[in-house]
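# An overview of the molecular structure
Below, each chain spelled out in residue letters.
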Amino acid sequence: MAAAEGTDVVIIGGGISGLVTALELVRAGRRVTVLEGDGRDRFGGQARDAFGGWFFVDSPEQRRARVKDSPEMAWEDWRSYAEYGPGSETQQHWGKKYVERCVPDVREFLENLGLSFFPTANWAERAHAGKGNRVPRFHIMWGCGPAVVSGVRQAIEPFEGGRLDLRFEHRVEEILSEGGRVVGVRGTDDTGNDFEVRADATVIASGGFTGNIDKIREHWPTDVWHQVPEDLLIGVWETSDGAMHDRAVELGAALTNMENMWVYVAGVTNWAGDHDRHGLSLIPMKSALWMRGDGRRFDPPLLAGYDTRDAVSRVMQSGYTHSWAVLNRAILAKELAIQGATYNPNFRTRNLPGIAKDILLGQTKIPQSLVDRCPDVVTASSLEELARRMESVTPGVRIDTAGMAQDVRSYDAEIKASSSLYTDDQLVSLRAVRAFPADKMRTKAFHPIEDGKGELVAIRMRPNVRKSLGGIHTDESCAVLDTAGRPIEGLHAVGESTGFGGGGMHGKRTLEGTLLGGCILTARTLAAHLAH
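We now turn to the structure provided with this report. (Residues numbered from 1 in each chain as written. Predicted model: local features only at pLDDT ≥ 70, side-chain atom pairs only at ≥ 80, totals over all residues. Heavy atoms only, no water.)

Further remarks concern the nonpolar core. Ranked by size, the top nonpolar core spans 68 residues in total, and within it L370 and I459 carry the most contacts. For this core, the element with the most residues is strand 16 (residues 456–468), which contributes six residues. Judged by nonpolar contacts, the second largest core, of 65 residues, contains V34, Y98, F117 and L164. (Core = buried A, V, L, I, M, F, W, Y, C linked by side-chain atoms within 4.5 Å. Buried < 20%, exposed > 50% of the residue type's maximum accessible area, 1.4 Å probe, protein only. Helix = DSSP H or I, 4+ residues; strand = E, 2+ residues; numbered from the N terminus.)

Our next topic: the environment of G242. Checked against the element boundaries, G242 lands in the loop between strand 9 (233–234) and helix 8 (243–250). Each C-alpha atom, one on G242 and one on M73, is 34 Å from the other, the two residues being 169 residues apart in sequence.

Taken as a whole, helix 14 (residues 383–393) has its buried residues at L383, E385, L386, A387, M390 and V393. For helix 14, the secondary structure elements touched by its buried residues are strand 14 (323–328), strand 15 (377–380), helix 15 (401–415) and strand 16. (Contact = heavy atoms within 4.5 Å.)

Turning to the packing of helix 14 against helix 15, a few remarks are in order. At a closest axis distance of 10 Å, the pairing of helix 14 and helix 15 adopts a crossing angle of 130 degrees. By the criterion of interaxial angle, the relationship of helix 14 to helix 15 is oblique. Note that helix 14 runs across helix 15; the crossing there is right-handed. Contacts between helix 14 and helix 15 involve L383, E384, A387 and M390 from the first element and T401, M404, A405, V408 and R409 from the second. (Axes fitted to C-alpha atoms, helices over the stretch in contact; angles between N-to-C directions. Parallel < 35°, antiparallel > 145°, perpendicular 65-115°, else oblique. Left-handed = near helix turned anticlockwise from the far one by under 90°.)

This paragraph deals with the pattern of salt bridges. When their charged atoms lie close together, side chains carrying opposite charge are able to pair. Taken as a whole and judged by the stated rule, the model has 46 salt bridges. Here R186 ties to E196 by a salt bridge, and the two come within 3.0 Å at their closest N and O atoms. Linking R186 in strand 7 (residues 181–189) with E196 in strand 8 (residues 194–204), this pair joins segments that are 10 residues apart in sequence. The salt bridge involving R509 is made with D307; its shortest N-O contact spans 2.9 Å. You can see R509 sitting in the loop between strand 19 (487–493) and helix 18 (515–531) and its partner D307 sitting in the loop between strand 13 (289–291) and helix 9 (308–316), a full 202 residues away along the chain. Assessed through its relative accessible area of 18%, D307 is described here as buried. Bridged by salt links that share partners, the residues D69, E76, D77, R134 and R137 form one connected network. (Salt bridge = Lys/Arg side-chain N within 4 Å of Asp/Glu carboxyl O.)

With respect to the helices, strands and loops of the structure, Q363 is situated in the loop between helix 12 (352–361) and helix 13 (365–373). Overall, Q363 belongs to the buried group, its relative accessible area being 18%. Within the structure, Q363 has its side chain in polar contact with the backbone oxygen of L336 (distance 2.8 Å). Apart from residues no more than four positions distant in its own chain, Q363 is found in contact with L332, A333, K334, L336 and D358. (Polar contact = N/O pair within 3.5 Å; in protein donor to acceptor, adjacent residues only side chain to side chain.)

As structure tokens, then:
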């Protein structure tokens, strides 16, 4: 064992929450050691390929579009969507703090790094039946997640070799405690050598647990989502394994709301994935028909753009663990969106003409890559042929070909009527969606499925687990709490390891755009506390 080294603060994890914590602390004059289990090529963690959406309230983009918003209204939306349970005071504190401080503590921090935003706010998790975003609050960053990583990296690297010690391929295996106080960590580096770092404060910034299928199975909410699908997709790296949650529990820490996970309903196989279960999340297309695993339409129709958690519930309660999107090439070109920076090159490179071209003429490269490379996608010239090819994707699950054709043709027939007379729930929803200019530009104008102009397309969609909405219970200053609600001296946690604040600030659902923001809010809150 090498001799123990000392520092003011040791941070476990080199993702955005850990790096922002480190940045704020070294700016305040503290000595910081960051220990990251992966290599430097993964500097910044999962944010490296995040799309980079941000939830802001009363933003310049909202005001420009004459959207009236306020922290009070946003908190009403947040709280009703969260469905907080008893004893959730800490989680509600963090949720309300995010709503009230997302502009000064998150947006202004990003702008001070030289980052900027696409000029319009977008509308995710729309309100329906009184729950969700009543106004558009989703803001897209130019450069996506890589821009955040680059901005933080440029700000922090001048401190490296001075007050900052960044160590990659250093995996923490034990959190050290003496006399009831956490005093540092111990682990192994990439050469197999042991290391020990002692510090006044130890910070868990190691992310969530949703890269670990065993932990997903352990905490899966069977009361609402039934069984865990055997072919469940996971949209994060396997190193998001929850190991530091276990180390914290060994010291008496409480975990809360672990059953709350952010699971996307429209997952497909990641053809360039890092592991066998690696999935990509599609944004469900509003003009596609959403079908059960047998090819029949959900009744009542399952609508895109609303409550993601409820959509997962409806799929999992349908008798199948997957669903289908049935559409055509024209809808695919207009409405396809895949989460992540990789599949949004125009936003990643700040290519406004490219964005305008895709909106006006439709996309070509990304839809074709999906068709050519994703095993969940089939195309055909007729519904009957499409059904046969859908069955080839899910052997053993029969497609009701006649029923699917009936559902498609009934929907198409109503499209021929005047839009003011629509009664189909999906067409009524689409009419409301297209009243918002940003959504009107990204959706087809009541386009039939059998349009006679191009191939039909079917996409098998499976739940894709992304983020941990529960985690290590922390107080208002990010101190880790034990099972009796008392701070564990010397131990702190930030970011996804805390369910993005307090052990689950989102409750059961996120209004979207709050995840990276939660990393920054908790990091800056903790750094301010430790610095003073």
